[in-house]
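The chain contents come next:
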Amino acid sequence: MAQLAAVVGVGQTKYKTKRKDVSIAGLVREAAQNALDNAGLTWKDIDAVILGKAPDMFEGVIMPELYLTDALGCNGKPMLRVHTAGSVGGSTAIVAASYVQSGVFQRVLTVSFEKQSESNAMWALSNPQPFSPHLNAGAGGYFAPIIREYVRRSNAPYDAGIKVAVKDRLHGARNPLAHLQLPEITMKEVEDSPMLWEPLRFLEACPSSDGACAMVITNEELASQSPGTPAWIRGTAMRSEPTMYAGREQVNPQAGIDCAKDVYKQAGITDPRKDLDCAEVYVPFSWYEPMWLENLGFADVGKGWELTMSGATSLDENGDIPWNPSGGVLSSNPIGASGMIRFAEAAQQVRGQAGGHQVDGAKTALGHAYGGGAQFYSMWVVSSEKG
Amino acid sequence: MRDVAIVAYAQSDCQGNAGAQNEVELIMPVLQEVYKQAGITNVQDVDFTCSGSCDYQQGAAFAFVSGVDALGAVPPIKESHVEMDAAWALYEAWLKIQTGQAESALLYGFGKSSPGELPIVLSQQLDPYYLAPLWVDSIAFAAMQARMMLEKGLITEADMAEVVARSRRNALANPHAQLKGEFSVEQLLAEPMYESPLRKHDCCPVSDGACAMVICTVEKAKEWGKPYAVIKGIDHRIETHHIGSRDLTRSVSTELAAEAVGVGNGPVDIAELYAPFSHQEIILKKALGLNNDTVVNASGGVLAGNLMMASGLSRIGEVAMRLIKGEGKRGVAHATSGPALQQNLVTVLEAQ
Amino acid sequence: MSAAAELLSQEFTLGYTYTRTTGPVVGEFLTALRDRKMRGIKGSDGRVLMPPMEYDPVDAAALSEFVDVADCGEVVSWTWVSQPRKAHPSDSAFAWALIKLDGADTAMLHWVDAGDESAMKTGMRVKARWANETKGFITDINGFVPEAVALVADYVESDAELEPISGIECPSYMTYNFTAGKATARYLAQLRNGKLVGQRCPNCANVYIPPRGSCAACGVPTEEEVELSNKATVESYTIVYIPIPNNPIKPPYVIANLVLDGANLSFLHLLSECDNNNVRIGMRVEAVWKPKEEWGYAMENIKYFKPIDEPDMPVEQIGKQKSGE
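Naming follows an unreviewed UniProt entry, where chain C appears as OB-fold domain-containing protein of Spongiibacter pelagi.

Looking at an unreviewed UniProt entry, one finds chain B named Thiolase domain-containing protein and attributed to Spongiibacter pelagi.

Below you can see the structure in the form of structure tokens.
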């Protein structure tokens, strides 16, 4: 059976539009070194490296793990590269956990990154491949119609998305690493920001960031010797479904529902709103908070927006179930790392190391990532208690 | 470690140009074949699925997303993907089985290399500041490596030709092979240089295709009542990307992986080595400590057809199928990635 | 219908000019190149690594101690490229070589302009040939040449005060010859004739357009072709206020998920000839085709869809109707 594994070190970079001071290796290294320092370890302590990032075309470096071997101290060690679209940061963490849970490795480093400023993330991928679907209106062009359908079904007020956009930026203002620092943001400012893909406004969409995130994961014995509180990995789950098939439920995808049920079962969670102290959930467009509140079982179907509007997910309103205390994807979005940041921030909460965005007394937290056409999911539950 | 059983393996033909077959059309037939071999209906009958592919082969981002369309992943499945050869997808799945979170897994690797200029495409996997802007093709690394071997007296051109002649001959018995035939060493040595000291036949061809495999716990294999081969050990290592800091006449990372899985702990009857260039087979044999009692690349190896992103998993599948057929008791399979064998994976397999 | 699919192939270029930031180590090396100088870096074990690494290959330490290295040295290994590829740095035959520069302990990879293979030899001395204009890029070394034939530098040293290199532009463009899959080729061939033809899954009987040769839900190949009408229903939509690069459509424009009558999956297309504020889920629309002489193998044969005078379709019925089997 699976061995217990825990996060004992977390490292992140500062997230920015363009990190002008570092190479790709320098960016990745910064997060990795911070994670080692946080764990009180050195490069020689690491048994293996598991790297994740979104498409190679973002940086134009094919299989960058080959070039990054030296920056990650991996010469002579095992290196694996995961790619599961936007969910990759989460999937990579889960694969890294399996290195330790399998008993094959004692202590591994996992890293994910994106240096989006090297290209243009939205359009670098819209290459003119012949005979392929002709219309590309960016990620928002894909997701906005799904959001519209959510609004229709749920009768949500028009400003539920605006509320999320404000809430996550206020959270981000507590997190010095967050890309967007908008401590004065108001509902009106979001509402007045340019419409991009109706009903999505500019300030309801995520930024494009450079950044990297890393974690050190160890087995039970080594975790118990680590300097900080370990974040015990209580459950991990992944689910995939095809992008397009007849009858696919796109607003509330089955893969997300199944993934959440799986991870809750492993972690002994029966009522996520009650049993979890906070959640870091991949919300790249504001409306995905109410949608995922329902998908992940925090609210009944059609009622997610009520939770959002009530302030339940806000640190600043003393909500009972803060979502994205770090500021979330709406505050920082280095795509390949965004999922791992959610997983790492969940770990920092239960380790009591979240600083200015710490949820008081957080013991158990959810990390969530999704990708592709909302078809790839990865989730974990971490806790300060072994369970 | 738990023993893990390989119960099914299938590979498509290595085609120089698969033309109008897209990735899904390449993957589906090999999936159907492994389902049949394993006696299962579809992807819903395994606990985990993992694949390997590379977006740059065909020049389209998210190649693996269309791969998912071949699976029938409704209801949703537990699935992952490595942007690597599918041998590393096997590794991920093997770990998953070790954790006890899965009892069985489906693996596949696929790619169409023919649409691009592969040696140039692969130049973009090099250091992005020092090497990629020079467009150093993948053959150049192998050629400089071969010259070092030749000039240090570690191999002769005849040794390289012998590897090719044996590959072509062995491929005659492999229906999926792309290049096959009877050639003498003399005939091959009479061919002109390509990127010297490599002749064209010293380099693997460009191929399109896919392969798939089903693995499971030994208990599950018994329950399914299918013959199987057992993965006794699997390990992979990478080495520095700084080409000047490597001894190119050796494969240090293969040596480390071989040591970790105990290749030398018993006789090796058969081996399949992912050697895209003839001289690399000789480097790898040495790194793995194989002697002449081992039958190497009975399939013809990748010199007879190289399904990038599937070839590594294919090597493991080839050994497993031969062990199941009784061609040996213990075998070794190897996979590689990166310039001049930068990253290597070694598996030890045993007959049931 | 002909059984054999038309083979549709077309070249395309995948590329982008990446804007890389170099960080201090790579930046210092490239800044030195711009000054026509070579700089290596001292590794943890004291060896001089060339080109300079940011992190030591043995103990992973961050490196920072630069060492001047000569612009000449010895060929450690090489290969002769008799027929250069388009992307290669030389149009005529050349050698790739591993070159150990004087003062460095590791060889670096670059190319040698030797004229003829017979001029190449392991152990030979070569010297960097500097580009006439340097800009802080690896190609500032315009290849190496045999030391015996190296010219004394004839370029003018610039004494302009230049900023250190911290960023570079890396054009990465590659040509692919893309061939459409069988189902796509069939579909596009029909589109060229003004017909919308989808495929039905033999298992679940749902009809897909554009067809992809498989039913993603069932994981089975699809072959049976079904001709569909020009009429469709809006499943959902968005009004886009940002321009599509390289596309003449001016924002705001409506992109809708449309389900053709008889089909069970939507696709995205433009909606026009409508009041953007009056687009509704369930709205009935039909295709507006370009003039026949402009038809090609592309969905753009349909300029856009426009509303028609039919009652809206109830939401729960959109995409759910199975066409005659």
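Engineer: Explain the sheet that holds strand β3 (residues 48-49) of chain C here, please?
Structural biologist: Pairing between the strands of a sheet is mediated by backbone hydrogen bonds and can be parallel or antiparallel. Residue and element names in this part refer to chain C. Strand order in the open sheet made by the three strands is β3-β2-β4, with antiparallel pairing throughout. Where the open sheet ends on each side, the last strands, each with one partner, are β3 and β4 (66-69). As defined by bridge partners, strand β2 (residues 38-42) adjoins β4 across four bridges and the pair is classed as antiparallel. Residue I41 lies in a different strand from β4, and its bridge partner there is F66. The strands that helix α1 (residues 23-34) touches are β2 and β4; relative to β2, the one it contacts most, it runs at about 155 degrees.

Engineer: Would you explain the domain arrangement of chain B in this entry?
Structural biologist: A common measure of how large an interface is: the accessible area buried when the components associate. All names here are of chain B. You can read the domains of chain B as domain 1 (4-117 + 206-229) and domain 2 (126-202 + 231-351). The C-alpha-based centres of domain 1 and domain 2 are spaced at 23 Å. Each partner contributes residues to the interface: domain 1 has 40 residues there, and domain 2 has 33 residues. Both faces combined, the contact of domain 1 with domain 2 buries some 2,900 Å², and carbon together with sulfur accounts for 67% of it. For the domain 1 face of the interface with domain 2, the top three residues by lost area are Y9, D85 and W88, together amounting to 22%.

Engineer: Just to check I follow, could you spell out the interface of chain C and chain A for this structure?
Structural biologist: In this complex, chain C contributes 59 residues to the contact, which on the side of chain A involves 53 residues. Taking both partners together, chain C and chain A bury about 4,500 Å²; carbon and sulfur atoms supply 63% of that area. Counting every contact that joins chain C to chain A gives one salt bridge. Note that R20 of chain C is salt-bridged to E118 of chain A, the shortest N-O span being 2.5 Å. Summed over the shared surface of chain C and chain A, the number is 18 residue pairs in polar contact (both at pLDDT 80 or more). Every element with two or more residues in the side of chain C that touches chain A is listed here: β1 (9-21), α1, α2 (182-192), β16 (231-240), β17 (253-260) and β18 (267-271) of chain C. In terms of residue count, the dominant contributor to the side of chain C that touches chain A is β1 of chain C (twelve residues).

Engineer: Would you mind showing me how to read helix α3 (residues 88-101) of chain A here?
Structural biologist: For an α-helix the count is 3.6 residues per turn, leaving residues at separations of three or four pointing the same way. Its 14 residues place the ends of α3 of chain A 19 Å apart at the C-alpha level, agreeing with the 20 Å of an ideal helix rising 1.5 Å per residue. Positive phi appears at G103 of chain A, one or two residues downstream of α3 of chain A, with a value of about 85 degrees.

Engineer: What am I meant to see in the interface of chain B and chain A here?
Structural biologist: Taken together, the 54 residues of chain B in the interface contact 54 residues of chain A. A buried area of about 4,600 Å², summed over both sides, lies between chain B and chain A, and 63% of it is on carbon and sulfur atoms. It is Y56, P76 and I238 of chain B that lose the most area in chain B upon contact with chain A, and together they represent 14% of the buried surface on that side. Summed over the shared surface of chain B and chain A, the number is one salt bridge. Here D262 of chain A makes a salt bridge to K78 of chain B, at a shortest N to O gap of 3.9 Å. Seen at the junction of chain B and chain A, the total is 17 residue pairs in polar contact (both at pLDDT 80 or more). Where the side of chain B that touches chain A is concerned, the elements lending two or more residues are α2 (55-58), α3 (63-68), β3 (79-82), α4 (86-99) and β8 (229-238) of chain B. With eight residues, α4 of chain B is the single largest residue contributor to the side of chain B that touches chain A. Classifying every residue of the side of chain B that touches chain A gives 27 nonpolar, 17 polar and ten charged.

Engineer: Where do I start with the pairing of β17 of chain C in this structure?
Structural biologist: Regular strands have side chains that alternate between both faces of the sheet. All names here are of chain C. In terms of burial, β17 is largely enclosed, as eight of its eight residues are buried. Side-chain alternation along β17 places Y253, I255, N257 and V259 on one buried face and V254, A256, L258 and L260 on a second face that is also buried. Sheet analysis places β16 next to β17, joined by eight bridges and oriented antiparallel. Counted as the bridge partner of Y237 is A256 from β17. Here β17 pairs with β18 via five bridges, running antiparallel. Paired with N257 across the strands is L268, a residue of β18. The loop that links β17 with its antiparallel partner β18 comprises six residues; one of these, G262, has a positive phi angle of about 95 degrees.

About the thresholds
- Residues numbered from 1 in each chain as written.
- Chains lettered and ligands numbered in written order.
- Predicted model: local features only at pLDDT ≥ 70, side-chain atom pairs only at ≥ 80, totals over all residues.
- Heavy atoms only, no water.
- Pairing = 2+ DSSP bridges.
- Helix = DSSP H or I, 4+ residues; strand = E, 2+ residues; numbered from the N terminus.
- Contact = heavy atoms within 4.5 Å.
- Axes fitted to C-alpha atoms, helices over the stretch in contact; angles between N-to-C directions.
- Domains from an automatic or database assignment.
- Buried area = accessible area lost by both parts, 1.4 Å probe.
- Salt bridge = Lys/Arg side-chain N within 4 Å of Asp/Glu carboxyl O.
- Polar contact = N/O pair within 3.5 Å; in protein donor to acceptor, adjacent residues only side chain to side chain.
- Expected span 1.5 Å × (residues − 1).
- Nonpolar A, V, L, I, M, F, W, Y, C, P; charged D, E, K, R; others polar.
- Buried < 20%, exposed > 50% of the residue type's maximum accessible area, 1.4 Å probe, protein only.

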